[in-house]
Amino acid sequence: MDGIDESYPANLPVEKVSEFIAIAKSAAYKPAPDEMIITADTTVVVGHEILGKPHDASEAKNMLKTISGKSHRVITGVCIRSINQQRHFSVISEVTFKELSDSEIDYYINKYKPFDKAGAYGIQEWIGYIGVLKGSYFNVMGLPVQRIYEELHNFFHAV
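The model shown is predicted, which means the values in this text are computed figures rather than measured ones.

(A) Structural context of the layout of surface pockets. Here the largest pocket is characterised by a volume of approximately 510 Å³. Those elements giving two or more residues to the lining of the largest pocket turn out to be α1 (14-27), β1 (37-46), β2 (49-51) and α4 (137-141). Looking at the lining of the largest pocket element by element, the count peaks at four residues for β1. Its residues assigned to classes, the lining of the largest pocket comprises 12 nonpolar, six polar and six charged.

In structure tokens:
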């Protein structure tokens, strides 16, 4: 989202960063009395390092080499807000890719141009077909719809 500060405190645990940014995105908008705002942010975490969106092919290649043959976490933070209440949460999924060859990485970067994706990949694209997923596919895409359904149910039935 343009114009929204996506920075976060340096001491914030990596598991809380996407939720922090989703809340910040939500705060940028004022809902009308009959509106609800849902904002989300997704991070890719390897160990304790967040892989953001790559700026160029070289950075994308380095990110894909970093996750090649290893497991990493995809964390999506969500904020649901109306004029009267707010809920926020994070969903964590684990993705493991096989060892990717340089030619596979180059093919993916050249064909799919993943410069707008955290961790330099989209699970819904070719590269995702060779990944092993533990958790929500939709979470890795950037919106954990199963959990949002549960939260919306609770949101509308809150006392």
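(B) Here's a closer look at helix α5 (residues 145-156). Relative to the 16 Å expected for 12 residues at 1.5 Å per residue, α5 spans 16 Å between its end C-alpha atoms, a close match to the ideal helical length. Looking only at α5, the buried set comprises Ile-148, Glu-151 and Phe-155. The arc that holds every buried residue of α5, seen down its axis, measures 65°, which confines them to one face. Those residues of α5 that are buried are in contact with β1, β3 (71-81) and β4 (86-97).

(C) View of the sheet that holds β4. Judged by pairing direction, the sheet is antiparallel, and its five strands sit side by side in the order β2-β1-β3-β4-β5 without closing on themselves. Looking along the sheet, the strands with just one partner apiece sit at the ends: β2 and β5 (131-134). For this sheet, the mean angle separating the axes of adjacent strands, direction not counted, is 35°. Bridge count for β4 against β5 is four bridges, and the pairing is antiparallel. Paired with Val-95 across the strands is Leu-133, a residue of β5.

(D) Quick look at the pattern of salt bridges. The full count for this structure, using the stated rule, is 10 salt bridges. Salt-bridge contacts for Glu-104 lead to Lys-98; the nearest nitrogen and oxygen are separated by 3.0 Å. Overall, Lys-98 belongs to the partly exposed group, its relative accessible area being 37%. With a closest N to O distance of 3.5 Å, Lys-117 and Glu-125 form a salt bridge. Just as Lys-117 is buried, Glu-125 falls in that class too.

(E) Inspection of a nonpolar patch on the surface at higher detail. A cluster of nonpolar side chains, contributed by Ile-38, Tyr-137, Phe-138, Met-141, Leu-143 and Val-145, occupies part of the molecular surface with about 500 Å² of accessible area. No other element matches α4, which puts three residues into the nonpolar patch. Looking at the element boundaries, Met-141 is found in helix α4.

(F) Structural view of the nonpolar core. Grouped together as the largest cluster of nonpolar side chains are 20 residues, with contacts concentrated most on Leu-64, Ile-67, Val-95, Tyr-121 and Ile-127. For this core, the secondary structure elements donating two or more residues are β1, α2 (57-67), β4 and α3 (102-112). Ranked by size, the runner-up nonpolar core spans six residues in total, among them Val-78, Ile-80, Phe-89 and Ile-148.

(G) Focus on the environment of Glu-6. Along the chain, Glu-6 falls in the segment before α1. In this structure, the C-alpha to C-alpha distance between Glu-6 and Asn-139, residues 133 residues apart in sequence, is 19 Å.

(H) The arrangement of the packing of aromatic side chains in detail. For the structure on display, the rule yields six aromatic pairs. Ring centres of Tyr-107 and Trp-126 lie 5.4 Å apart, and the angle between their planes is 80°; on these two criteria the pair is classed as edge-to-face. Here the residue Tyr-107 occupies a position in helix α3, and Trp-126 occupies one in the loop between α3 and β5, the gap between them amounting to 19 residues. Note on Trp-126: relative accessible area 21%, which makes it partly exposed. Taken together, a centroid distance of 5.6 Å and an interplanar angle of 80° make the contact between Tyr-137 and Phe-138 edge-to-face. Note on Phe-138: relative accessible area 38%, which makes it partly exposed. A network of ring pairs unites the aromatic residues Tyr-107, Tyr-108, Tyr-112 and Trp-126 as a single cluster. In this arrangement the basic side chain of Lys-111 is found over the ring face of Tyr-112, its NZ or CZ atom lying 5.9 Å from the centre.

Rules behind the numbers
- Residues numbered from 1 in each chain as written.
- Predicted model: local features only at pLDDT ≥ 70, side-chain atom pairs only at ≥ 80, totals over all residues.
- Heavy atoms only, no water.
- 1 Å grid on protein atoms, 1.4 Å probe; cavity = no way out; pocket = protein on both sides within 12 Å on 5 of 7 lines; lining within 4 Å.
- Points joined across faces, edges and corners; volume = space filled by probe spheres on them.
- Helix = DSSP H or I, 4+ residues; strand = E, 2+ residues; numbered from the N terminus.
- Nonpolar A, V, L, I, M, F, W, Y, C, P; charged D, E, K, R; others polar.
- Expected span 1.5 Å × (residues − 1).
- Buried < 20%, exposed > 50% of the residue type's maximum accessible area, 1.4 Å probe, protein only.
- Arc of directions from axis to C-beta.
- Contact = heavy atoms within 4.5 Å.
- Pairing = 2+ DSSP bridges.
- Axes fitted to C-alpha atoms, helices over the stretch in contact; angles between N-to-C directions.
- Salt bridge = Lys/Arg side-chain N within 4 Å of Asp/Glu carboxyl O.
- Patch = residues over 30% accessible without salt bridge, like charges linked within 9 Å, V, L, I, M, F, W, Y side chains within 5 Å.
- Areas by Shrake-Rupley, 256 points an atom, 1.4 Å probe, with all protein chains shown as cover.
- Core = buried A, V, L, I, M, F, W, Y, C linked by side-chain atoms within 4.5 Å.
- Phe/Tyr/Trp six-rings, centres within 6.5 Å; stacked < 30°, edge-to-face > 60°.
- Lys NZ or Arg CZ within 6 Å of the ring centre and 35° of its normal.

Function-wise, these values are silent; they only describe arrangement.
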